[in-house]
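Notes for the structure review
Given next are the chains, with one letter for each unit.
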Amino acid sequence: ADPFASAEKILKNSPDAKIVFYAGGASDTLLGRAVELKAAGFISKLESPESLVFAQQQIMNGQDYYSPDFQKRMVRTRGIIPRSRLKTLSPRELE
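Structure report, in brief.

Thresholds applied
- Residues numbered from 1 in each chain as written.
- Predicted model: local features only at pLDDT ≥ 70, side-chain atom pairs only at ≥ 80, totals over all residues.
- Heavy atoms only, no water.
- Pairing = 2+ DSSP bridges.
- Helix = DSSP H or I, 4+ residues; strand = E, 2+ residues; numbered from the N terminus.
- Buried < 20%, exposed > 50% of the residue type's maximum accessible area, 1.4 Å probe, protein only.
- Right-handed = clockwise from strand over helix to strand, strands pointing away.
- Salt bridge = Lys/Arg side-chain N within 4 Å of Asp/Glu carboxyl O.

1. Topic: the sheet that holds strand S1 (residues 20–23)
The strands making up a sheet associate through backbone hydrogen bonding, with each pair oriented either parallel or antiparallel. As summarised here, the arrangement of the three strands in space is S1-S2-S3, forming an open sheet in which the pairing is parallel. Strands at the two margins of the open sheet, each flanked by one partner only, are S1 and strand S3 (65–66).

What follows is the structure in structure tokens.
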């Protein structure tokens with residue numbers, strides 16, 4: 001099953017739901033999809049138990065949480081919206 005399709009269905013029925021992805025790794029494309037869905041978090045399975053508790057607290061307090069190894073692969077445009085680095089490439093750069 002496609003977790004992003006499932007997330008879209010959840011958000012359609014419950015717009016205030018907080019979507020969190022938990023993965024061993026993620027491509028820039030997957031990170032970009034999570035950001036487009038306005039996921040509250042993308043957590044690495046390599047995180048310590050303490051980090052998982054911290055992530056949960058951040059999300060429950062209305063903050064987003066992306067694991068540091070995923071954050072490194074994202075950029076902020078205009079200082080507001082985090083995006084996958086892939087989304088910042090021009091059509092020519094994607095060739």
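Now, onward.
2. Observations regarding the pairing of S1
Here S1 shows a clear split, with Phe21 and Ala23 buried on one side and none of Val20 and Tyr22 buried on the other. In this sheet, strand S2 (residues 41–44) lies alongside S1 in parallel orientation, the contact comprising four bridges. Following the sheet pairing, Phe21 is matched in S2 by Phe42. This β-α-β element, S1 to helix H2 (residues 28–36) to S2, shows right-handed connectivity.

3. Focus on the pattern of salt bridges
This model, assessed by the stated rule, comprises one salt bridge. Between Asp2 and Arg33 there is a salt bridge; the shortest N-O distance is 3.5 Å. Of the two residues, Asp2 sits in the segment before helix H1 (3–13) while Arg33 sits in helix H2, which places them 31 residues apart along the sequence. Note on Asp2: relative accessible area 33%, which makes it partly exposed.

4. Quick look at the pairing of S2
Of the two faces of S2, the one holding Gly41 and Ile43 and the one holding Phe42 and Ser44 are both buried throughout. As defined by bridge partners, S2 adjoins S3 across two bridges and the pair is classed as parallel. Residue pairing for S3: Phe42 is matched across the bridge by Tyr66. Following the chain from S2 across helix H3 (residues 49–60) to the adjacent parallel S3, one finds a crossover that is left-handed.

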